[in-house]
Each structure stands twice: as C-alpha cells, then as structure tokens.
Amino acid sequence: MKFVVKLNAVVALLAAGLTCCMFVGCGSGETQQSTSEQGATVTDLEFILPAKQTVYFAGDKFDGSRVAIQANLSDGTREVFIVAREENCTVEPQYFSMGDNHVTFTYGGKSISQNIHVIDAPVSSLDVDLSAVTTSVTSTDKLDLSDMTVTANCENYDPIEVDEFTLVEINNREEIIHEDLSQVSLGTGLHEMKVLFKDCYSDSFYLDVFYGVAVEAENVLDADKVTADDRNYVVVDTNVGESGSTATGVSPGPIMKPSEPAFGGGYLGDLKNGAVFSFHVWSDEARTADILLRASSGYLLRDDKGNWVPYEMGNMMLNRLFSVSLNGTPLSISADAVLEGGSSDTPDPMLWVNWKMVSLGNVQLQEGDNVFTFTVNSDYINCNNASCACNVDRLEVRFNEHGGV
Ligand SMILES: [Ca+2]
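Residues numbered from 1 in each chain as written. Predicted model: local features only at pLDDT ≥ 70, side-chain atom pairs only at ≥ 80, totals over all residues.

1. Some points on the overall build of the protein
Inference 1: Scanning the protein for helices and strands turns up 2 helices and 32 strands.
Inference 2: Counting the 405 residues in the protein, one finds 30% classified as buried.
Inference 3: Here the analysis covers contacts within the protein between residues at least 6 apart in sequence; of these, 67% occur between residues at least 24 apart. (Helix = DSSP H or I, 4+ residues; strand = E, 2+ residues; numbered from the N terminus. Buried ≥ 20, exposed ≤ 12 C-beta atoms within 10 Å, placed from the backbone. Contact = placed C-beta atoms within 7 Å.)

Next comes the structure, spelled out in structure tokens:
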C-alpha cells in the first residue's frame, strides 16, 4: 500500500501539471494500442517525475513506482505513464551493481536515462521521520505509516532516503514484521517499533493504540449544521481575527501547510484571546476518562529579524492559555500541563508545530455528548510584543476500561 500512496502522489502531480494530456499506461497494452491505433510513433521521451532516489546499494532492485515519463508522439499527442505500471517500458539495469552510473528507460524504441550512483557501503544507522504520521490511534482504527520516511546513513556518503525497509514490532524478544505500512494493525497499548534495512536497525519508536476517542481539532462543524447523528467534532463558538477584534463567522482554520505536519493532516491555528471552541466527545455510557490535548507552543521568544520565523519558542503553561470547562463545569488544569517550546541554530518554521501531549486530568463523562469548551485567555506576550497562544492538533479521550462513575 505504500506503493499506492506514492503512486497517488504522482497521479496528483500529473493532474496538476498536465491538464491536456491523456493519462494512459495504468493498464498494460493500452499505451501500445493507442499508439498503433493512431499510427503514431514515439519521437522522444521526457521525465515528468524522475526517480527521487539517485543513490542505490549494490544488489538493489530499481523501483519504478514513482517514476513518470512522457512519450511525445509523431502526431503531436503525448502519453504519460508510470514506469512500474507500463509493461512496454523496459528498465535497464533492473538490479544495480557496482560501477552502474545510470538507469535507462526504453519505450516505443526511444530511451531516456537518469544518472545514479551505486555504493557498496554498510549502513551505519537509520533515521526515521514520523512527523507526517499519526502515531496514536483508537483501538477501532489502524495506523497509516505510509508517509514515514527512512534515511540510511553510510560513512563517506550523504544520507540516502530508502524505500525498501521493513517495519518491525519488538514484542518481548519476538520480532513481528508488518508488511502493509498503510494499515498497521496493533492491539491496545504502547508498541515498540523499529525499522530494519540492510541488517541495520533504527532506534526504537513507539506507536500508541488506546481505548477511547480522538477528536481532530480541524474536524470543525458549523454550529447550525450539527445534527443529532454527529459525534466527535469541534465547533468554533467565537473566533478572533488577525486584528484581535472579536469576529464571528471568520474561518477558524485549520491553517495547515504541507510543511507543517499534524495528526489527521490539520490543526486549529491562529488562536487569539477571546476565541472559544468546543470539542464534542461521545460516550456510550457514563465513565471516567483521561483527557490529553495535543498542541504546540506559540510563545515566540526569538525570531529572525521580526519575520516570525522562530529561533526559539518558550514553554507555555496550559492554565495560562485557556480556561476549560466540561459540560459547563470548570476543569482545574494542573500546573504540570506545559507545552514545551524548542530552539534551533537556524530559523525553523517547524518550531511552530512542535507538538506536545499534555494532560487535562481524569474526568467524569456523561452518557451521550460531552462538551469540552476552551476559552483562550493567554497572558503570554511574545518577542514582537504581541499576545500569543498555541496551535491545537487534537483531543484524546482515553476511557477507563471499567467504566466508572
Ligand atoms: Ca489534527
């Protein structure tokens, strides 16, 4: 399924960049057929999407699932295909050996090559980037790790992003291999995982499966469109515009950008004093639950010449950011609930989305809809002398397995 996700990205790119081309090549023979039907021949090939990976290990098989090529035809039309899906496109070599310095694609009698580099060095370490992945899910969901990236480090070479790694679960002394990255199925609990590539294991990372409900902050419904069937959503009661004046009806976000990953693919941002939003959480019975908020500090302490790209973000105490109520009753938030900031040697916009999980404590839920209302009332002032709050990614409600009243 990792294959499918990457292919989708390619197809999306094709759709965005090539509005007038016919997309063929998903079925074998189609391309050949359409070419011969028109009596046109291939005049030349060009890359739509060349292989991203240009450094390979000796013995690696070439992966054409992310390579898209355009064939220009003698009648002025063109065909676009993905190498792995087009059986009339040949790849040479299919397996890399030391000394290979290019890979060649041939289609319709024409060829196009891409320079590559083959190394035969042992992998000394692996880096796993999970910033675009939701690593915590409820027990009714599967984990989708399709967007994780793995980088291999070898002495004397630049880091190499690799695809053919194996996801391994470490369960006591047993290793369980998970083949399908898009649907990793795990039991309830915290699971130790590693990535294996060429006899090298990454450091451990953890996937969390819990019994309860996760409500993504970007799952915002219009208050007047909520129906009795809606479960587990957010309503923005009052949003505050950029000027700081209260303005209802202003789109509350999410202000998600591709370079700013979050669970569920979005978050509630640009929160200002006076803003009010509510998480609605459904419970089939009255029970106790632990409440966790995933959020990131917006306390800009030092930026790059006033341009809001952070060098340093400060810690924020949640009880200085929000007042929170559950079903109308104020919740007391512990002084331990702190969104830790971070710092970087170079200006780093990712510091705005340095997600932390903080506890709002153990609460009593009622049967049916439960409303957690957050009112932003931050007393933090940032380095540009402006009031500031945080970004909110999701609310996790972890049910007590034994109910409880
Ligand atoms: Ca989210």
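Moving on from the model shown.
2. So, the sheet that holds strand β10 (residues 125-129)
Inference 1: Taking strand neighbours across the sheet as the criterion, the 3 strands line up as β10-β12-β13 in an open arrangement whose pairing is antiparallel. Both outer strands of the open sheet, β10 and β13 (160-162), are each paired with one neighbouring strand and no more. On average, each strand axis in the sheet is inclined to that of its neighbour by 35°, with strand direction left out of account.
Inference 2: Of the pairings in the sheet, the one linking strand β12 (residues 149-153) to β13 comprises 3 bridges and is antiparallel in character. Looking at the pairing, A152 lines up with I160 of β13. (Pairing = 2+ DSSP bridges. Axes fitted to C-alpha atoms, helices over the stretch in contact; angles between N-to-C directions.)

3. Some details on the nonpolar core
Inference 1: Grouped together as the largest cluster of nonpolar side chains are 51 residues, with contacts concentrated most on F277, C390 and V392.
Inference 2: Apart from the residues within four sequence positions on either side, C390 is in contact with L271, A295, S296, S297, G298, M316, L321 and L339. (Core = buried A, V, L, I, M, F, W, Y, C linked by C-beta atoms within 7 Å.)

4. Focus on the sheet that holds strand β24 (residues 310-313)
Inference 1: Within the open sheet, the 3 strands sit side by side as β23-β24-β29. Their pairing is antiparallel. With partners counted over all chains shown, the strands left at the sheet margins are β23 (300-303) and β29 (342-343), one partner each.
Inference 2: Pairing between β24 and β29: 2 bridges, direction antiparallel. Note that in β29 the partner of M313 across the bridge is G342.

5. Focus on the environment of D60
Inference 1: Here D60 shows up in the loop between β3 (55-57) and β4 (68-73).
Inference 2: Take D60: there are 22 C-beta atoms within 10 Å of it, and that puts it in the buried class.
Inference 3: When the C-alpha positions of D60 and Q94 are compared, they lie 8.3 Å apart, and in sequence the two are 34 residues distant.
Inference 4: Not counting chain neighbours up to four residues away, the residues in contact with D60 comprise Y95 and F96.

6. Examining unusual backbone geometry
Inference 1: In this model, E92 is joined to P93 through a cis peptide bond whose omega is -5°.
Inference 2: Relative to the helices and strands, P93 is located in the loop between β6 (90-92) and β7 (102-107).
Inference 3: With a phi close to 65°, D199 is a non-glycine residue in the positive phi region.
Inference 4: Inspection of the secondary structure puts D199 in the loop between β16 (189-197) and β17 (200-201).
Inference 5: Residues other than glycine seldom take positive phi values, yet W308 does so here, at roughly 70°.
Inference 6: Here W308 lies in the loop between β23 and β24.

7. Quick word on the pairing of β12
Inference 1: Alternating positions in β12 separate cleanly, V150 and A152 being buried on one face and T149, T151 and N153 remaining unburied on the opposite face.
Inference 2: Bridge count for β10 against β12 is 5 bridges, and the pairing is antiparallel. By the bridge assignment for β12, L126 is matched with A152.
Inference 3: In this antiparallel pair of consecutive strands, β12 and β13, the connection spans 6 residues, and N156 shows a positive phi of 75°.

8. Thoughts on the pairing of strand β14 (residues 166-171)
Inference 1: Where β14 and β16 come together, 5 bridges link them in antiparallel fashion. Pairing of T166 across the sheet is with L196, part of β16.
Inference 2: As paired elements, β14 and strand β15 (residues 174-178) share 5 bridges and run antiparallel to each other. Looking across to β15, one finds that L167 is bridged to H178.
Inference 3: Between β14 and the antiparallel strand that follows it, β15, lie 2 residues; N172 among them carries a positive phi value of about 55°.

9. Looking at the environment of S323
Inference 1: Looking at the element boundaries, S323 is found in strand β26 (residues 322-326).
Inference 2: Under the C-beta neighbour-count criterion, S323 is labelled partly exposed, with 14 such atoms within 10 Å.
Inference 3: In contact with S323, other than residues within four places in its own chain, are P330, T375 and N377.

10. Some points on the confidence of the model for the protein
Keep in mind that low pLDDT regions are not for reading the predicted coordinates in detail.
Inference 1: Averaged over every residue, the pLDDT of the protein is 86; residues scoring 70 or more account for 85%.
Inference 2: Segment residues 1-12: pLDDT under 50, and 19 contacts once partners within four positions in sequence are set aside and those in other chains are kept. (pLDDT = per-residue confidence, 0-100.)

11. Some remarks on the environment of N153
Inference 1: Looking at where N153 falls in the secondary structure, it is placed in strand β12.
Inference 2: Owing to 15 C-beta atoms within 10 Å, N153 belongs among the partly exposed residues under this scheme.

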